[in-house]
Amino acid sequence: MSERAAGLCGFCRRARVLKSASGSVFIQCGLASADPRFPKWPRLPVLACAGHEPGEGEAVV
Ligand code: SF4
């Protein structure tokens, strides 16, 4: 998945990038567990988000 396809999540420090063994990529929002305003699995691309924090997300393989 390209960063453009992910929208803001592709450039967010709150994002956890999960990669499956088959190479599929999923993005999980790190704010979701503490704040119900944010979905655990954001619908991509996210174009506006109050929790967005510019930076690189955490990759989890
Ligand atoms: S805070 Fe917003 S932009 Fe960042 S990972 Fe969560 S949904 Fe995506």
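For the structure, see preceding data.
Residues numbered from 1 in each chain as written. Predicted model: local features only at pLDDT ≥ 70, side-chain atom pairs only at ≥ 80, totals over all residues.

What follows deals with unusual backbone geometry. Residue Pro-45 is bonded to the preceding Leu-44 through a cis peptide linkage, with omega at 0 degrees. Topologically, Pro-45 is positioned in the loop between strand 2 (25-29) and strand 3 (58-60). (Helix = DSSP H or I, 4+ residues; strand = E, 2+ residues; numbered from the N terminus.)

As summarised here, the arrangement of the three strands in space is 2-1-3, forming an open sheet in which the pairing is mixed. A single partner strand is all that each edge strand has here, and the edge strands are strand 2 and strand 3. On average, adjacent strands in this sheet sit at an angle of 25 degrees to one another, irrespective of strand direction. One ladder, built from three bridges, connects strand 1 (residues 15-19) with strand 3; its direction is parallel. Paired with Arg-16 across the two strands is Glu-58, which belongs to strand 3. (Pairing = 2+ DSSP bridges. Axes fitted to C-alpha atoms, helices over the stretch in contact; angles between N-to-C directions.)

So, on to the environment of Ala-48. Note that Ala-48 resides in the loop between strand 2 and strand 3. Spatially, the C-alpha atom of Ala-48 lies 7.1 Å from that of Leu-8, the residues being 40 residues apart in sequence.

The ligand sits among 13 residues. The nearest are Cys-9, Cys-12, Cys-29, Cys-49 and Gly-51. Classifying every residue of the shell around the ligand by side-chain character gives ten nonpolar, two polar and one charged. (Near = placed C-beta within 6 Å. Nonpolar A, V, L, I, M, F, W, Y, C, P; charged D, E, K, R; others polar.)

Examined bridge by bridge, strand 1 and strand 2 share five bridges and lie antiparallel to one another. Residue pairing across strands places Val-17 opposite Ile-27, the latter belonging to strand 2.

Turning our attention to the nonpolar core. With nine residues, the main nonpolar core is built from Ala-6, Leu-8, Cys-9, Cys-12, Ala-15, Ile-27, Cys-29, Leu-31 and Val-46. When neighbours within four sequence positions are excluded, Cys-29 is seen to be in contact with Arg-14, Ala-15, Phe-38, Pro-39, Lys-40 and Pro-42. (Core = buried A, V, L, I, M, F, W, Y, C linked by C-beta atoms within 7 Å. Buried ≥ 20, exposed ≤ 12 C-beta atoms within 10 Å, placed from the backbone. Contact = placed C-beta atoms within 7 Å.)

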